[in-house]
Protein chains: 2
Amino acid sequence: MSKPISIFDTTLRDGTQGEGISLSADDKLKIAKKLDYLGVHYIEGGIPGSNGKDIEFFKRVMELKLQAKITAFGSTRRKDSLAEHDAGLNKMIEAGVPAATLVGKSWDFHVHTALQTTLEENLAMISDSIAYLKRQGLEVIFDAEHFFDGYKNNPEYALSVLRKAEEAGADWLVMCDTNGGTMPHEVYDIVSALCEVIPGSKLGIHTHNDCELAVANSLSAVRAGVTQIQGTMNGYGERCGNANLCSIIPNLQLKLGYEVLEPDRLKQLTNTARYISEIANVHMPVNQPYVGNAAFAHKGGIHVSAILRDSRTYEHIAPELVGNRQRVLVSELAGQSNILSKAQEMGIEFNPENENTKQVIAKIKELEHQGYQFEGADASLELLLRQANGDMKELFVFESFKMLVEKTADRPVVSEAFVKLKIDGVSVYTAAEGNGPVNALDNALRKALITYYPGLKDMHLSDYKVRVLDDKDATASKVRVLIESQDYHNSWNTVGVSSNVIEASWEALVDSIRYALLGQTKREDYEEIPSAGWGLVNH
Amino acid sequence: MSKPISIFDTTLRDGTQGEGISLSADDKLKIAKKLDYLGVHYIEGGIPGSNGKDIEFFKRVMELKLQAKITAFGSTRRKDSLAEHDAGLNKMIEAGVPAATLVGKSWDFHVHTALQTTLEENLAMISDSIAYLKRQGLEVIFDAEHFFDGYKNNPEYALSVLRKAEEAGADWLVMCDTNGGTMPHEVYDIVSALCEVIPGSKLGIHTHNDCELAVANSLSAVRAGVTQIQGTMNGYGERCGNANLCSIIPNLQLKLGYEVLEPDRLKQLTNTARYISEIANVHMPVNQPYVGNAAFAHKGGIHVSAILRDSRTYEHIAPELVGNRQRVLVSELAGQSNILSKAQEMGIEFNPENENTKQVIAKIKELEHQGYQFEGADASLELLLRQANGDMKELFVFESFKMLVEKTADRPVVSEAFVKLKIDGVSVYTAAEGNGPVNALDNALRKALITYYPGLKDMHLSDYKVRVLDDKDATASKVRVLIESQDYHNSWNTVGVSSNVIEASWEALVDSIRYALLGQTKREDYEEIPSAGWGLVNH
């Protein structure tokens, strides 16, 4: 094992600069607890001077007594003024945290263009601000903004900024690739040069992903000698995002032998990443390295048969090390062995010799031929398999639906749905409006079932995708609808196919509700039996 | 400028292994044309032996006479058999392409575990297969699967694989990091070592993104001496995807000074990446480096004011170099100059000083903000511009539509539409059934108009795409519908956006018909004037 690396998480500060990301104080507290459990060393909570949300967060997070050090972010004092009078610096102190991240300029161009001051005054701003925070007993992490651009333009000045920060008492000197334009070999060369010039300093790295190199740049810096990495979970952040800690941590720990997290905590990585994406309400790309749903998914038939012999053939690590799992995607190219291994994964027993096993495999192949795709619809596949296996009890019988969309010039469009079901032999007929036809159908269907199965209120549709299957015949061609649903603990995917987009949506919708009902019980049993034996499987 | 680098695009082969990606032969042809225009050097089209879709693709793509070399993919011959009898190799030859990509094993572990043969037989399989393809006059690109894992485990054997391939006549030796687990410094060291051992060979690199390092690994290999990079657009591919050419190309060309594409073609990068994501129906992450919608978006107030002084303060390159643009997240800045140059392209005169010019630009920006996208819907844009310019005569007035979908258990679904229009002051009310709701609306709309404009019978909808714009709110979120229409001579694209998929489809449908009617005349004039001056523009 090499020397230990400090992980500095700025999901709650720099991460919230990402487009579409906005976190309440409650959201931030939930994320902080989760990050602390994962074992990161620093959690940057926000900018205490900027808004009420961050002030509330700092007050409440300190009461949680987390292991991680909480840090507050701010800039050097304004030009031509006193640090003691600087509102931003004083807010950082008032936040009551043990550590402060102070950002200062290290690119001469920026001093002139953005700050519009002299190089000397910028050095004084850095020095005064750090000294003031140190006198208040704070650990100071100095973020040298645009360090690499600065070093390339004027190495003496960039270096003098770091020296000045160190003299003033900064505990960490962090080199930032703020614009994300530096190449990994440049990072390595510049950090290596620095380690010779200022030996013994505690150095850190903070990169952005504008060239899709933030992870590589962080690793380059570690190899050249830094011991702190600043980044965000899932790589959230402005423009193309910050360095993604979800990739950096396992790369350092599993590939390069650094001490980063406690080994048992690394298993929390996937769960933590997905939890944070839920809280942030940002869809996690299926192909996200290490923690994505497809990170260890196998599609091709040859790959699958090799994987079944030895998973190292097509997996660079055992997925369990980061809390993820192997998935075999059922696709047209794949045969009976894929389906059976899938059934096993779902805990459904199938004897390959039985007649109903052969029938369900034939049925799945026929459905795939019609355009169904089960690789993105595990829940629909599970329903088919359970049905074939006889351990599926249908809780309602479909009778009919009608769906009406009406639009008159200058008036908003209206969508209404009417659904007729039989539940326990009783006909139930409901009508509902919706924001669009699928929403109207969803509302009418739930209205019918929720009286019987109140647990349905906890689930909702979280994603809806439509794909036209061939374009030979335009509006008469087939469409495939994929629906993702979720409740507090799980998410599941269902599929529907038809030449009619409404019918395809209805199919996927009904599967989603049927799957949710697997783990549900009727109102009369609602209190007594919280789970009906085998609940929802985590997909 | 350093030596030229060959870009080998495998979006159409390895890219389609990505979860949720499935391309028809038509889709593949469209993408191939777009890639060719961008200027990639090789386009790997698929596996000719695998399915009818790929066979059709190879037949039709050769008729396009593209600049790029088309390559077909396949594996070395089966063990203990003759290359001449190998169905896969023969299909590659029958595909009629100038180049073949042949994959072979270079990791001893894989030879034993996956192939279940001897190391010697694997060398013979490689040698025989290459020699056979060379005798047929093909250029042969040899992909050494798992090269880095193989080299780390048994460097002599991995090297002997490359030597054997070269002796047999392979034109390129490509080192694959198939499982995506290799670190950038390892790639650099291994490739550097190889360049000393087999100097003069044409080497390539093929990486996967399992550690979020595929781009960095490709750059490492280039710096160590390779001159071909294999990757996919938007990084599509199995598990975590392949190396993303959309990041690699600008990194090489703009940052490292390599000769890759013609400089004016690099400006097509963003457009090409987005077009392909539309065709593949895969949502492009807003934060995708270089080509994403947020890649040059600025949110923070301080950043924005610095950007306005000098964009280099927070932009690592000028976004225009890759055809992207700066966005300030307060307002959408679609760029008046873009719209005016588009109008000129369509032959519509606009004076930038006129009030109606300003109005139409403001309107387009507002529509883009709502989710309309005119990059793929030139006809809708042209209608807006002609309307603003006053040279657009509306041939009908919309009054209302109703659309009913009805499904009863065990009976086929029924779709009906009712459309009310005013044509020449006369109310026309039609009803029609259809194979799905959009088809029913299309039928009812045409029924109303065709009596007056018989030329409409020559046009039909040729493609229909639906995209969900955000997944925050599932069935209540917005959808964008793109419709492609065509007649004997032309094809054109229109767009509609709404939270209601039926309303969005209706909008795109109406635009499609309005555009078709631009070149049409009424029945009484039908014989006399075959074209009304400016006909349809070919999109």
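Residues numbered from 1 in each chain as written. Chains lettered and ligands numbered in written order. Predicted model: local features only at pLDDT ≥ 70, side-chain atom pairs only at ≥ 80, totals over all residues.

**Remarks on the overall build of chain A**
Of regular secondary structure, chain A possesses 18 helices and 16 strands. With respect to the principal axes defined by its C-alpha atoms, chain A has extents near 80 × 60 × 55 Å. The proportion of buried residues among the 539 residues of chain A is 53%. In chain A, once contacts between residues fewer than 6 apart in sequence are set aside, the share between residues at least 24 apart is 67%. (Helix = DSSP H or I, 4+ residues; strand = E, 2+ residues; numbered from the N terminus. Buried ≥ 20, exposed ≤ 12 C-beta atoms within 10 Å, placed from the backbone. Contact = placed C-beta atoms within 7 Å.)

**Considering the sheet that holds strand 15 (residues 479-486) of chain B**
Residue and element names in this part refer to chain B. Strand order in the open sheet formed by 3 strands is 14-15-16, and the pairing between neighbours is antiparallel. Strand pairing shows two members of the sheet lacking a second neighbour, strand 14 (460-468) and strand 16 (491-498), which therefore form its edges. Each strand of the sheet is rotated relative to its neighbour by a mean of 15°, with strand direction disregarded. Taken together, the 8 bridges between strand 15 and strand 16 define a ladder with antiparallel strand orientation. (Pairing = 2+ DSSP bridges. Axes fitted to C-alpha atoms, helices over the stretch in contact; angles between N-to-C directions.)

**So, the sheet that holds strand 4 (residues 99-105) of chain A**
All names here are of chain A. The parallel closed barrel is built from 8 strands, whose spatial order is 1-2-3-4-5-6-7-8. Taken over all neighbouring pairs, the strand axes of this sheet differ in orientation by 25° on average, direction set aside. Bridge analysis of strand 5 (residues 139-145) against strand 6 (residues 172-177) gives 4 bridges, and the strand direction is parallel. From the neighbouring strand, Phe 142 faces strand 6, where its bridge partner is Leu 173.

**Some remarks on the interface of chain A and chain B**
The partner chain B presents 92 residues to the 92 residues of chain A that form the contact. Tallied by class, the residues present in the side of chain A that touches chain B amount to 37 nonpolar, 32 polar and 23 charged. (Nonpolar A, V, L, I, M, F, W, Y, C, P; charged D, E, K, R; others polar.)

**Considerations on helix 18 (residues 501-518) of chain A**
For helix 18 of chain A, spanning 18 residues, the distance from its first C-alpha to its last is 26 Å, which sits close to the expected 26 Å at 1.5 Å a residue. Burial runs high along helix 18 of chain A: 17 of the 18 residues are buried. (Expected span 1.5 Å × (residues − 1).)

**Some remarks on the environment of Tyr 453 of chain B**
Residues and elements named next belong to chain B. Within the secondary structure, Tyr 453 is located in the loop between helix 17 (437-450) and strand 14. A tally of 20 C-beta atoms within 10 Å means that Tyr 453 is categorised as buried. Each C-alpha atom, one on Tyr 453 and one on Thr 11, is 43 Å from the other, the two residues being 442 residues apart in sequence.

**Looking at the packing of helix 9 (residues 214-224) of chain B against helix 10 (residues 245-255) of chain B**
Residues and elements named next belong to chain B. The N-to-C vectors of helix 9 and helix 10 enclose an angle of 40°; their axes lie 10 Å apart at closest approach. The orientation of helix 9 relative to helix 10 falls into the category oblique. The handedness of the crossing between helix 9 and helix 10 comes out as right-handed. Of the residues in helix 10, those in contact with Val 215, Ser 218, Leu 219 and Val 222 of helix 9 are Ser 247, Ile 248, Asn 251 and Leu 252. Residue composition of the contact of helix 9 with helix 10, grouped by class: 5 nonpolar, 3 polar and no charged. (Parallel < 35°, antiparallel > 145°, perpendicular 65-115°, else oblique. Left-handed = near helix turned anticlockwise from the far one by under 90°.)

**As for the pairing of strand 3 (residues 69-75) of chain A**
All names here are of chain A. Among the 7 residues of strand 3, 6 are classified as buried, and the element is accordingly described as predominantly covered. In the sheet, strand 2 (residues 42-46) pairs with strand 3 via 4 bridges, with the strands oriented parallel. In the strand pairing of strand 3, Tyr 42 is matched with Lys 69.

**Focus on the confidence of the model for chain A**
Residue and element names in this part refer to chain A. Looking at chain A, pLDDT values average 88 and 92% of them are 70 or higher. Contacts from residues 525-539, a stretch scored under 50 in pLDDT, to residues over four places away or in other chains number 20 contacts. Scoring of the predicted complex yields 0.75 for pTM and 0.75 for ipTM. (pLDDT = per-residue confidence, 0-100.)

**Points about the packing of helix 1 (residues 25-38) of chain A against helix 2 (residues 52-63) of chain A**
In a packed pair of helices, the relevant descriptors are the angle between the two axes and the axis-to-axis distance. Residues and elements named next belong to chain A. One way to put it is that helix 1 packs onto helix 2 with a least axis distance of 9 Å and a crossing angle of 40°. By the angle class used here, helix 1 and helix 2 are oblique. The two elements helix 1 and helix 2 cross, and the hand of that crossing is right-handed. Where helix 1 approaches helix 2, its residues Ala 25, Lys 28, Leu 29 and Ala 32 are matched on the opposing element by Lys 53, Glu 56, Phe 57, Arg 60 and Val 61. Looking at the contact of helix 1 with helix 2 residue by residue, the class counts come to 5 nonpolar, no polar and 4 charged.

**Focus on the nonpolar core**
In this structure, Phe 142 of chain A together with Phe 142 of chain B are the most contacted members of the largest nonpolar core, which totals 201 residues. Excluding its chain neighbours within four sequence positions, the residues that come into contact with Phe 142 of chain B are Leu 102, Gly 104, Ile 130, Ala 165, Ala 170, Trp 172, Leu 173 and Val 174 of chain B. Among the nonpolar cores identified, the runner-up in size contains 104 residues, and Ala 508, Ile 513 and Ala 516 of chain A together with Leu 384 of chain B belong to it. (Core = buried A, V, L, I, M, F, W, Y, C linked by C-beta atoms within 7 Å.)

**Remarks on unusual backbone geometry**
Residue and element names in this part refer to chain A. Positive phi, close to 50°, is recorded for His 146, a residue that is not glycine. When you line up the elements, His 146 lands in the loop between strand 5 and helix 6 (147-153). Overall, His 146 belongs to the buried group, with 27 C-beta atoms counted inside 10 Å.

**Some words on helix 4 (residues 108-115) of chain A**
Residues and elements named next belong to chain A. Along helix 4, the residues classified as buried are His 110, Val 111 and Ala 114. Take helix 4 and look down its axis: the buried residues cluster within an arc of 105°, on one side only. Note on helix 4: the residue one or two positions beyond its end, Gln 116, has a positive phi of about 55°. (Arc of directions from axis to C-beta.)

**Brief notes about the pairing of strand 1 (residues 6-9) of chain A**
Regular strands have side chains that alternate between both faces of the sheet. All names here are of chain A. Summarising the sheet, strand 1 and strand 8 (residues 228-231) pair through 4 bridges and their orientation is parallel. Paired with Ser 6 across the bridge in strand 8 is Gln 228. Traced from strand 1 through helix 1 to strand 2, the parallel crossover comes out right-handed. (Right-handed = clockwise from strand over helix to strand, strands pointing away.)

**Focus: the environment of Arg 386 of chain B**
The topology assignment puts Arg 386 of chain B in helix 16 (residues 378-389). A C-alpha to C-alpha distance of 61 Å links Arg 386 of chain B and Ala 131 of chain B, two positions 255 residues apart in sequence.

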